[in-house]
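These are the residues of each chain, in order.
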Protein chains: 4
Amino acid sequence: MLKEEFDMKVGVIGASGYVGGELLRLLVVHPDVELSVCTSRQNAGEYVHRRHPSLKGFINLTFSSMELDKLVKQCDLVFVSVPHGNALNIVKDLYDTGIKIIDLSADYRLKNADDYVKWYGWEHPFPDLLSKSVYGIPELHRNEIKDAQLVSCPGCMAVTSILALNPLMENKLIDTSHIIVDAKIGSSGAGSTDSPGTHHAMRYGVIRPYKPSKHRHTGEIEQELSIVSGEKIKISMSPHAVNLVRGILTTNHVFLNAPISEIELWKAYRNSYKDEPFIRLIKDKKGLYKFPDPKFVVGSNFCDVGFDMDENTNRIVALSASDNLMKGAAGSAIQNMNLMCGYNETDGLKYTPLTPV
Amino acid sequence: MLKEEFDMKVGVIGASGYVGGELLRLLVVHPDVELSVCTSRQNAGEYVHRRHPSLKGFINLTFSSMELDKLVKQCDLVFVSVPHGNALNIVKDLYDTGIKIIDLSADYRLKNADDYVKWYGWEHPFPDLLSKSVYGIPELHRNEIKDAQLVSCPGCMAVTSILALNPLMENKLIDTSHIIVDAKIGSSGAGSTDSPGTHHAMRYGVIRPYKPSKHRHTGEIEQELSIVSGEKIKISMSPHAVNLVRGILTTNHVFLNAPISEIELWKAYRNSYKDEPFIRLIKDKKGLYKFPDPKFVVGSNFCDVGFDMDENTNRIVALSASDNLMKGAAGSAIQNMNLMCGYNETDGLKYTPLTPV
Amino acid sequence: MLKEEFDMKVGVIGASGYVGGELLRLLVVHPDVELSVCTSRQNAGEYVHRRHPSLKGFINLTFSSMELDKLVKQCDLVFVSVPHGNALNIVKDLYDTGIKIIDLSADYRLKNADDYVKWYGWEHPFPDLLSKSVYGIPELHRNEIKDAQLVSCPGCMAVTSILALNPLMENKLIDTSHIIVDAKIGSSGAGSTDSPGTHHAMRYGVIRPYKPSKHRHTGEIEQELSIVSGEKIKISMSPHAVNLVRGILTTNHVFLNAPISEIELWKAYRNSYKDEPFIRLIKDKKGLYKFPDPKFVVGSNFCDVGFDMDENTNRIVALSASDNLMKGAAGSAIQNMNLMCGYNETDGLKYTPLTPV
Amino acid sequence: MLKEEFDMKVGVIGASGYVGGELLRLLVVHPDVELSVCTSRQNAGEYVHRRHPSLKGFINLTFSSMELDKLVKQCDLVFVSVPHGNALNIVKDLYDTGIKIIDLSADYRLKNADDYVKWYGWEHPFPDLLSKSVYGIPELHRNEIKDAQLVSCPGCMAVTSILALNPLMENKLIDTSHIIVDAKIGSSGAGSTDSPGTHHAMRYGVIRPYKPSKHRHTGEIEQELSIVSGEKIKISMSPHAVNLVRGILTTNHVFLNAPISEIELWKAYRNSYKDEPFIRLIKDKKGLYKFPDPKFVVGSNFCDVGFDMDENTNRIVALSASDNLMKGAAGSAIQNMNLMCGYNETDGLKYTPLTPV
């Protein structure tokens with residue numbers, strides 16, 4: 001199943017984790033590019049398929065250690081998929097060479113350097129570079145992405161929640177002082193580092209509130225919704241670990257400013273997303289799929305979006321579902337690459353969701 | 001493992017479902033009572049262990065069909081565990097004989113007959129009986145339960161949410177116009193009737209918002225919180241089906257009226273629950289169990305309660321976890337029986353949670 | 001994501017179940033063919049994406065009821081995906097029109113009409129047609145498939161087990177009087193019909209031996225291994241339902257005729273499969289993936305094959321893993337279609353396994 | 001829920017793992033004994049409920065480090081629940097003080113010191129003590145256990161398999177040269193140490209053959225079946241990790257020596273187990289529970305045993321199901337303690353299985 005060679009060559013820095021593996025999974029069959037380098041400090045010298053067994057037969061590479069010069073020679077674009085904090089210098093050094101970069105860490109997502117102190121607890125060493133980085137949600141920043149040298153992919157829960165709330169904010173339909181984001185996420189979202197809390201016997205069957213307040217994705221969501229709405233937005237976010245591997249649902253509880261009919265609300269959503277290749281509006285009166293559920297997007301790059309109206313308390317429940325490793329990470333990264341490189345936006349991403357699984 | 005006989009005899013009407021089975025599981029080893037009758041329309045004549053295989057060796061009964069006269073002769077107390085709507089007449093007829101009744105359906109939970117029209121869509125045929133029925137949360141109504149002939153057990157998500165919010169309402173700490181109850185529940189909560197949506201291949205791995213507004217438990221929660229707070233309360237409830245069998249987490253997002261320290265808030269919770277045998281306050285800075293999670297109560301009658309404070313938006317995240325078949329149904333029913341019959345409140349309920357499972 | 005039109009048109013009879021849905025999932029993005037008809041008795045008139053929500057955006061068809069004349073006019077090849085027994089007449093009628101047919105039921109798998117009496121309990125009405133039907137494992141019958149009008153896809157556990165045992169039988173390495181096939185399978189393998197045993201609360205967490213003897217796939221495995229080995233083979237098969245949706249592992253316990261080194265055994269496997277696009281040999285001393293496991297093939301058409309040697313009892317443990325809806329059903333069907341129609345054998349099947357999921 | 005004090009005091013050495021936690025779970029509510037010491041090297045000084053959150057409210061102890069003198073003063077009986085190899089000296093030192101010991105490691109299970117070289121790869125330092133240790137399956141060695149100072153609890157898969165095969169061996173019904181033990185087990189069986197292979201994202205949804213040959217429990221099963229049958233037995237064992245936390249199924253494929261009717265076989269099983277409080281014979285023609293399945297024993301001390309007959313190949317499929325932390329570990333340990341101390345054998349073990357969970 002090994003592919004032929006292409007002119008465009010890409011590398012993945014930090015290719016041994018779940019997000020790195022997902023990038024590889026997509027790149028080894030992408031119709032336009034060739035994967036030429038995979039780095040991993042811990043696994044340097046090891047065959048990639050030892051760490052990512054499902055890729056056996058698709059990839060013959062071994063992991064290398066990261067060497068800037070070699071990387072820049074071998075690649076036209078680089079994905080950075082290392083833990084938060086570790087991308088700061090890597091991205092800076094790559095940026096200075098002029099190479100295209102897609103960063104999947106949080107290190108260049110926030111525009112305001114102070115927000116790194118608030119949400120991450122450290123000073124950002126390269127505040128100037130923050131303004132050069134484009135926040136990688138094509139549905140919000142498509143044109144900027146096309147021209148960017150550096151794109152910072154959003155947090156998995158952040159992008160999923162933002163896409164549910166965006167039409168409400170854009171149309172100024174809701175009370176912006178009570179925005180609750182209740183997120184539920186699978187175990188691959190926490191990364192591949194093992195700990196007592198990630199052991200199958202302890203993680204299976206949980207409904208675990210793991211950061212009811214102060215979750216770092218809060219900062220990103222506030223940043224983007226503030227841009228969309230034109231006012232300073234604060235949100236109340238609480239994520240929960242639930243018993244699946246891939247998938248996010250965000251339940252966004254908000255309150256209407258003024259009465260609106262269901263049809264009007266539907267139109268607002270359709271206006272926002274009618275040409276979007278990776279957003280599906282889900283709202284049905286019957287059948288299994290009345291509202292978004294990650295069960296029906298797994299393995300695809302879709303973010304399914306929908307809503308319910310609660311007359312009892314004047315509430316809108318805005319719902320969105322994604323595969324955290326796809327639209328929530330590697331899928332968005334490929335979508336961004338396609339835009340940055342002038343390919344068809346859906347190239348290498350035309351996956352039907354894998355259901356049931 | 002068959003028990004000896006006791007003077008006090010009880011019956012279970014509708015013993016073939018998951019809640020019925022859980023009642024049997026507890027009753028066959030309860031130290032004070034004897035299970036003398038199990039009815040099931042569909043399974044009459046069948047050995048009980050055919051339907052509830054795990055009880056093999058603990059019970060020799062067969063299911064019978066329901067005959068009022070016989071039942072009243074054979075039992076001192078009856079549990080009614082039939083689908084909503086089906087208990088209306090059964091409870092009325094039993095009540096008129098003077099026998100003690102614990103109803104696990106929703107048919108006698110709401111005090112205001114109009115609320116049945118609002119939440120259930122039908123007129124209650126016996127509105128007078130509603131005032132005789134005691135809402136079966138011992139932590140709120142212990143003394144009334146002791147004297148009641150008819151106790152109506154709360155809905156599983158309702159009792160779990162109420163116990164998280166009660167101390168906040170009692171002490172008037174929160175803005176009562178924005179109370180969000182985001183609930184997550186396992187598959188046994190939906191009952192044993194099979195349908196396309198409950199098939200393992202379709203239900204496994206979901207995060208399914210199944211009634212983002214208008215869920216019927218909303219009415220119960222509003223009723224009880226209105227009593228506690230002394231004002232008319234409305235709540236915004238959204239339940240989600242997640243991938244486990246037993247367990248509920250409720251994430252209750254509320255906003256503070258006035259600043260309060262974490263210690264003061266903790267004291268409010270402790271004051272409400274310090275003598276409660278089945279409530280544990282969970283709040284830890286380290287370890288696996290920082291906040292409530294049903295993983296650590298499964299198989300027990302505990303409702304674990306805790307909270308987090310979010311300074312960013314002045315929010316309290318009140319959290320509670322229970323086993324929906326125990327504290328959420330059969331466990332509460334036994335606790336109520338113990339109170340109604342003068343036994344020790346914890347008799348037959350001293351189960352350590354089964355962890356890990 | 002809707003595709004352009006192609007000259008080659010195909011139909012799916014019985015498109016509402018899990019196998020039918022998987023066929024659609026593959027066909028809507030297949031590079032060579034167009035899906036023009038989906039039939040379903042129960043869902044006629046309904047949009048296909050109501051029943052298969054994950055396909056929303058990929059398909060605009062509604063289910064139709066089956067009408068032979070129309071079908072033959074609209075399609076060049078037809079997949080039959082109806083319950084066992086129901087395909088008997090459908091396939092016969094289609095065959096007589098001269099159209100190409102891929103049958104996913106068991107109705108035309110066995111060559112000897114008596115075997116239908118033995119394993120299925122009924123007389124086959126069209127015994128002559130059995131000899132026209134090719135058993136659809138390309139690794140065993142590639143050339144026959146290329147020329148066939150009717151191909152019968154193998155049972156999911158059958159194909160998985162056969163591919164593990166084939167090299168051992170071909171090379172006459174084992175004692176043919178003690179062949180144990182211990183199979184483990186996910187819930188999608190049982191089909192989408194709901195029953196008490198498939199309810200999530202009852203099916204979750206099981207290790208359920210569901211037909212320790214007399215499972216119908218036994219007949220197919222015996223048939224094919226008898227052909228490979230040139231002697232009449234009997235096997236001892238026991239399948240188990242385990243807690244996942246997609247995936248099969250077969251553990252085939254057999255005993256050596258004569259000593260053989262691990263390297264010789266490895267060579268036998270490699271000789272059998274070295275040019276096979278959908279078989280991967282898995283045998284590693286370290287890492288996560290020492291032996292086949294369906295975790296690492298899910299969503300792909302691979303059958304991973306490997307073995308272990310047990311000197312204690314002179315045993316070979318031949319292992320194989322597949323996705324029961326892919327190589328075990330719809331994936332094999334597409335592979336057969338590609339061969340029958342002269343396309344590249346891997347067209348529309350170049351999926352990297354979805355891991356982790 | 002804290003218990004009163006008792007005269008009989010017990011300690012648990014190595015109380016921080018899953019088996020240690022399960023021992024505590026049972027001991028804190030056992031009617032005859034008091035838990036006075038819990039040791040853990042890594043967690044010394046920490047409250048026990050930090051490590052075992054579900055026990056909050058049942059236990060006020062902190063973990064201590066192990067000091068022999070103190071332990072012997074504080075306890076009448078000690079459970080040793082440390083990793084294999086680590087119990088060698090601990091048990092020897094305890095034995096020399098005269099205290100009663102129940103060892104849950106493998107270090108004193110095998111009678112023949114050579115077998116430690118064969119299965120574990122090390123020389124046993126105290127071969128003389130092996131003959132003093134009683135193998136802790138009450139169904140096989142009840143009287144010896146009553147008089148023992150040192151009981152060695154069996155391996156979880158070993159006891160489960162032995163109980164399925166015992167009646168067949170006792171009655172010399174089967175060909176002893178082809179005994180296949182195909183075992184399936186949940187994630188708690190591997191212990192609480194985290195590793196890449198136990199991470200939820202990697203362990204969820206697997207059917208992983210983790211030691212198709214040479215698994216250490218093979219030695220125990222061979223030892224015990226050799227005693228029962230009076231001849232030297234070898235078995236072919238292959239365990240598999242499946243997607244649940246608690247539970248073992250063993251599928252034991254064996255071949256008949258001579259024809260036998262189903263009724264005769266049933267009688268053989270009943271004769272072996274008719275007075276056993278923790279063995280249930282499971283064999284039903286209808287309903288959900290036709291054969292043993294750990295789903296229906298979870299949380300209890302039962303080993304459910306049954307069989308199927310396969311006329312096609314003259315095979316018996318002997319099946320058994322247990323909870324690996326109960327009958328497979330801590331439950332057996334308590335049962336042994338009850339026998340060693342003269343209590344009722346079922347004291348503290350009258351748990352109805354927790355179903356559904």
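If you're wondering where the values come from, they're calculated on a predicted model, not measured in any experiment.

Trainee: What is the right way to read the sheet that holds strand β5 (residues 134–135) of chain B from this model?
Mentor: Across a sheet, paired strands are connected by hydrogen bonds in the backbone, their directions being either parallel or antiparallel. Residue and element names in this part refer to chain B. Pairing is parallel across the open sheet formed by 6 strands, whose spatial order is β2-β1-β3-β4-β6-β5. Of all the strands in the sheet, the pair left with one neighbour each is β2 (33–39) and β5. Where β5 meets strand β6 (residues 150–152), 2 bridges bridge the pair, whose relative direction is parallel. Counted as the bridge partner of tyrosine 135 is serine 152 from β6.

Trainee: In this structure, what is going on with the relation of the copies chain B and chain A? I would like to understand it.
Mentor: Note on the chain copies: they are related by a rotation about an axis and a translation along it. Overlay of chain B on chain A (RMSD 0.0 Å): rotation 180°, translation along the axis 0.0 Å. What the rotation and shift describe, once combined, is the action of a two-fold rotation axis. Closest approach to the rotation axis among the C-alpha atoms of chain B is made by Asn243(B), whose C-alpha sits 2.8 Å away. Of the residues that chain B buries at the interface, 100% are likewise interface residues in chain A, meaning the two copies contact each other through the same surface.

Trainee: What is the right way to look at the packing of helix α7 (residues 138–147) of chain B against helix α12 (residues 326–341) of chain B in this model?
Mentor: All names here are of chain B. Relative orientation of the contacting elements α7 and α12 amounts to 35°, with a least axis distance of 8 Å. Handedness of the crossing formed by α7 with α12: right-handed. Contacts between α7 and α12 involve Pro138, Arg142, Ile145 and Lys146 from the former and Gln335, Asn336, Leu339 and Met340 from the latter. Residue classes in the contact of α7 with α12 are distributed as 4 nonpolar, 2 polar and 2 charged.

Trainee: For this particular structure, what's the right way to read the pairing of strand β2 (residues 33–39) of chain D?
Mentor: On a regular strand, each side chain points to the face opposite its neighbour's, so the side chains alternate between the two faces of the sheet. Residues and elements named next belong to chain D. Where burial is concerned, most of β2 is hidden: 5 out of the 7 residues are buried. Sheet analysis places strand β1 (residues 8–13) next to β2, joined by 6 bridges and oriented parallel. Within β2, the residue paired with lysine 9 across the bridge is glutamate 34. Traced from β1 through helix α1 (residues 18–27) to β2, the parallel crossover comes out right-handed.

Trainee: Please explain helix α12 (residues 326–341) of chain D as it appears in this structure.
Mentor: The periodicity of an α-helix, 3.6 residues per turn, causes residues three or four positions apart to be oriented the same way. Residues and elements named next belong to chain D. Between the first and last C-alpha of α12 there are merely 19 Å, a value that for 16 residues lags more than 12% behind the 22 Å anticipated at 1.5 Å per step. In α12, a bend of some 45° at serine 332 exceeds every other bend along the element. Counted residue by residue, α12 has 15 buried out of 16 residues, so it is predominantly covered. Backbone geometry just after α12 places glycine 342 at a positive phi near 80°.

Trainee: Sorry if this is basic, but what is going on with the interface of chain C and chain D here?
Mentor: When the parts come together, some accessible area is lost, and that loss is often what is quoted as the size of the interface. Each partner contributes residues to the interface: chain C has 42 residues there, and chain D has 42 residues. Per-element accounting of the side of chain C that touches chain D gives the leading share, 4 residues, to strand β9 (residues 236–242) of chain C.

Trainee: Is there a simple way to think about the interface of chain B and chain A in this case?
Mentor: Contact residues are listed per partner, giving 42 residues for chain B and 42 residues for chain A. For the side of chain B that touches chain A, the elements supplying multiple residues, two or more each, are β7 (180–185), α9 (200–203), β8 (207–209), β9 (236–242), β10 (248–255), β12 (303–310) and β13 (315–322) of chain B. Per-element accounting of the side of chain B that touches chain A gives the leading share, 4 residues, to β9(B).

Criteria and thresholds
- Residues numbered from 1 in each chain as written.
- Chains lettered and ligands numbered in written order.
- Predicted model: local features only at pLDDT ≥ 70, side-chain atom pairs only at ≥ 80, totals over all residues.
- Pairing = 2+ DSSP bridges.
- Helix = DSSP H or I, 4+ residues; strand = E, 2+ residues; numbered from the N terminus.
- Least-squares fit on C-alpha atoms with pLDDT ≥ 70 in both.
- Contact = placed C-beta atoms within 7 Å.
- Axes fitted to C-alpha atoms, helices over the stretch in contact; angles between N-to-C directions.
- Left-handed = near helix turned anticlockwise from the far one by under 90°.
- Nonpolar A, V, L, I, M, F, W, Y, C, P; charged D, E, K, R; others polar.
- Buried ≥ 20, exposed ≤ 12 C-beta atoms within 10 Å, placed from the backbone.
- Right-handed = clockwise from strand over helix to strand, strands pointing away.
- Expected span 1.5 Å × (residues − 1).
- Bend = angle between axes of the 7 residues up to and from the residue.

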